[in-house]
Amino acid sequence: MDKKIRLMIIEDNVQLNEMLTKYFGMKSDVEVVGSCTNAVEAAGMVKELQPDALIIDMIMPEADGLSLLERFNTSEFETMPATIVVSAVGNEKMVKMACDLGAKYYMIKPVNKDILYRRIQDMFGHRVITAK
C-alpha cells in the first residue's frame with residue numbers, strides 16, 4: 001500500500017465531525033490531519049496542513065462549502081485536495097456547481113461511513129475490488 005491518505009474533515013455538526021474523525025482515525029490507510037467546523041477556519045488549516053483529501057459539508061455558518069471550493073480554485077492555493085462534498089441539500093444545481101468547482105464526489109446526508117471510506121480510497125486508487 002502507498003502512503004497514508006492525509007484527510008481533513010470540515011463539518012459544522014460537531015457530533016458528526018467527531019464521529020468521522022474517530023472512524024477515519026481507525027483506518028490503517030488514512031491519517032486524519034485536522035478537522036474544523038467552519039469554512040473560514042478551514043482555508044487556513046488546508047494551507048498549513050496540506051491534506052491530500054477533504055470531506056466538506058456544504059451548509060455551514062459564515063461561509064458555505066461552495067465558497068470554500070471557489071477559494072481553493074484561486075492562485076492562493078497551489079493544488080486543490082481531492083474533495084468529497086457531503087450535504088443535506090441534493091438539488092441538481094448545487095451538485096453541478098460543486099463538481100464544476102472540483103469536488104470528486106457529492107454525497108447526500110445521512111452518509112454511510114463505509115461508502116464514504118470507499119470513495120476516499122477510490123480517489124487514490126487504494127481500494128482493491130475483487131471478484132467473488
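See the structure printed just above.
These remarks concern the structure in this document. As the structure is a prediction and not an experimental result, all values here were calculated from the model. (Residues numbered from 1 in each chain as written. Predicted model: local features only at pLDDT ≥ 70, side-chain atom pairs only at ≥ 80, totals over all residues. Heavy atoms only, no water.)

Things to note about the pairing of strand β5 (residues 103-108)
Where strand β4 (residues 82-87) meets β5, 5 bridges bridge the pair, whose relative direction is parallel. When the sheet's bridge partners are listed, S87 is paired in β5 with I108. Since β4 and β5 lie parallel, the crossover through helix α4 (residues 92-100) that links them has a hand, and here it is right-handed. (Pairing = 2+ DSSP bridges. Helix = DSSP H or I, 4+ residues; strand = E, 2+ residues; numbered from the N terminus. Right-handed = clockwise from strand over helix to strand, strands pointing away.)

Things to note about the packing of aromatic side chains
Under the definition given, this model contains 4 aromatic pairs. Look at Y23 and Y117: their rings are 6.4 Å apart centre to centre, the planes differ by 85°, and that puts the pair in the edge-to-face class. A residue pair is termed long-range when its members are at least 10 positions apart, and Y23 in helix α1 (residues 14-25) and Y117 in helix α5 (residues 113-123) qualify at 94 residues. This pair shows no difference in class: Y23 is buried, exactly as Y117 is. Aromatic pair F24 and Y117: ring centres 6.3 Å apart, planes at 55°, arrangement tilted. Linking F24 in helix α1 with Y117 in helix α5, this pair joins segments that are 93 residues apart in sequence. Across this residue pair, the class does not change: F24 and Y117 are buried. Joined through ring pairs, the aromatic side chains of Y23, F24 and Y117 make up one cluster. Geometry around Y117 places K27 over its ring, the cationic atom sitting 4.7 Å from the centre. Directly above the aromatic system of F77 lies the positively charged group of K47, at a separation of 5.6 Å from the ring centroid. (Phe/Tyr/Trp six-rings, centres within 6.5 Å; stacked < 30°, edge-to-face > 60°. Buried < 20%, exposed > 50% of the residue type's maximum accessible area, 1.4 Å probe, protein only. Lys NZ or Arg CZ within 6 Å of the ring centre and 35° of its normal.)

Looking at helix α2 (residues 39-49)
Every buried residue of α2 is listed here: A39, A42, A43, M45 and V46. Elements that come into contact with the buried residues of α2 comprise β1 (5-10), β2 (30-36), β3 (53-57) and α3 (65-72). Between the side-chain oxygen at the start of α2 and the backbone nitrogen of V40 there is a gap of 3.1 Å, and the oxygen is on N38. Looking at the residues trailing α2, positive phi occurs at Q50, about 45°. (Contact = heavy atoms within 4.5 Å. Polar contact = N/O pair within 3.5 Å; in protein donor to acceptor, adjacent residues only side chain to side chain.)

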